[in-house]
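As a plain string of letters, each chain reads:
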Amino acid sequence: MNNPKRPTLLFITVLLPVFLPVLAACGATNSVKNPNNSNSTANSTTTSTPVPVAKNWSAPVLIYGNTPGISGAPDTVSCSSASVCVVVDEATAGSGGGNEISYTGSTWSSPVDINGTTQILSVSCPSATFCMAVDSMGNALSYDGSTWSSKVNIEGSNYFTYVSCPSATFCMAVDDSGNAFSYTGSTWSSAANIDVNGLVSVSCPSATFCMAVDSMGNALSYDGNTWSSAANIDGSTSLYSVSCPSATFCMAVDFDGNALSYNGSTWSSAANIDGTQSFLSSVSCPSTSFCTAVDSNGNALSYNGTTWSAPVNMNKSNNTASSISCPTATFCMAVDSAGYASAWNAK
């Protein structure tokens, strides 16, 4: 089975630093390019206009490490506003389990084990009163604003990779076997196999549009009823994350530091925005004119609708940023592999 999950910490901390300098020595550059021109065949270098989000990140806050018996790496963060964020992880609490940590605009809660002995891999919170999380054993858990439900198995023991919920009445989850599952507010559908490759990310701005990407450079779209066939947009490079604020705009990022944009009908060519020293692990776009991506060296890059900024370190320690969530163009929250969270607030 082709498991598309992000590289292990061994690869990130030991092997990646060895290979990336070799790639850099082969002539790759760290230029910032514009992925928004779908007619570009050469992806020529453009001079980046600085974008404010690349600056003024808060000092990293350790959200793990203060609770005895709990340590781990945040896997996904989802923020419905600047005062509500939820993080899920792959940590072990006591005998093992997936933890949830919540943010209230100024403080973080202690980690709480909500999933027994199973790792939670993704969470999506469209509001303060609803979240959906999925885990590594085919289970889903929902949050009603005060408590988490018991886990419900919806696909045997398959490995969920991502979930996206535009509202409390619709979610789409994808797994490493190429299956998609939809949620209608009370029940989950059976598995729909939509890809021969493992799906790594999905983004749904509404119940009538979703975009999913896989581990072999393909994208698939959903129109509210059916999924399209897989269309190759990035060669054989593994795509890592996709974010769609509407049906006419998506941004995807990949393992080679590239970004690709979707205009409602076609994808742009891959444009390298992060050199060769990092892979892009997550991207979040609350609008067509604002995106932020994070990478394996703890950098953030921002998009203003035309150009990407140069990478700027946000956590001061080069920890791999595992996820970012920007509910608006004035606030983002990022988490990293060492258990830290960093916030950016334009106000």
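For the structure, check the block above.
Residues numbered from 1 in each chain as written. Predicted model: local features only at pLDDT ≥ 70, side-chain atom pairs only at ≥ 80, totals over all residues. Heavy atoms only, no water.

K.L.:
Where do I start with the state of the cysteines in this structure?
P.N.:
In a disulfide, the sulfur atoms of two cysteines are covalently bonded to one another. All told, the structure shown has seven disulfides when counted by the stated rule. The residue that forms a disulfide with Cys-79 is Cys-85, at a sulfur-sulfur distance of 2.1 Å. Every disulfide takes its handedness from the sign of the S-S torsion; for Cys-79 and Cys-85 that torsion is 105°, giving right-handed. Considered together, Cys-79 and Cys-85 belong to a single accessibility category, that of buried residues. Between the sulfur atoms of Cys-125 and its disulfide mate Cys-131 the distance is 2.0 Å. Negative torsions about the S-S bond denote left-handed disulfides, and the value of about 110° found for Cys-125 with Cys-131 makes this one right-handed. Take Cys-125 and Cys-131: they sit in the same class, and that class is buried. (Disulfide = S-S within 2.5 Å. Buried < 20%, exposed > 50% of the residue type's maximum accessible area, 1.4 Å probe, protein only.)

K.L.:
Can you help me understand the layout of surface pockets in this one?
P.N.:
To find leftover empty space, a probe the size of one water molecule is rolled over the atoms. Reported here for the largest pocket is a volume of approximately 610 Å³. What lines the largest pocket is a set of 32 residues, and nearest its centre among them are Ser-78, Ser-124, Ser-164, Ser-284 and Ser-325. Breaking the lining of the largest pocket down by element, the ones donating at least two residues are strand E3 (74–81), strand E8 (120–127), strand E12 (160–167), strand E16 (199–206), strand E20 (239–246), strand E24 (280–287) and strand E28 (321–328). Residue composition of the lining of the largest pocket, grouped by class: 21 nonpolar, eleven polar and no charged. (1 Å grid on protein atoms, 1.4 Å probe; cavity = no way out; pocket = protein on both sides within 12 Å on 5 of 7 lines; lining within 4 Å. Points joined across faces, edges and corners; volume = space filled by probe spheres on them. Helix = DSSP H or I, 4+ residues; strand = E, 2+ residues; numbered from the N terminus. Nonpolar A, V, L, I, M, F, W, Y, C, P; charged D, E, K, R; others polar.)

K.L.:
Even after reading the chapter, I still don't get empty space enclosed by the protein, so can you show me in this structure?
P.N.:
Taken as a whole, this structure holds two cavities of 30 Å³ or more when the rule is applied. Counted as a void, the second largest cavity has a volume near 30 Å³. Lining the second largest cavity we find Met-314, Asn-315, Ala-334, Val-335, Asp-336, Tyr-340, Ala-341 and Ser-342. Only strand E29 (331–336) and strand E30 (340–345) provide two or more residues apiece to the lining of the second largest cavity.

K.L.:
I'm lost on the sheet that holds E8 in this one. Help?
P.N.:
Sheet strands pair via backbone hydrogen bonds, and the direction of the pair is either parallel or antiparallel. The strand order across the open sheet formed by four strands is E8-E9-E10-E11, and the pairing between neighbours is antiparallel. Each of the sheet's edge strands pairs with one partner strand only, and the pair in question is E8 and strand E11 (152–153). Relative to strand E9 (residues 130–135), E8 is paired through five bridges, and the arrangement is antiparallel. By the bridge assignment for E9, Ser-124 is matched with Met-132. (Pairing = 2+ DSSP bridges.)

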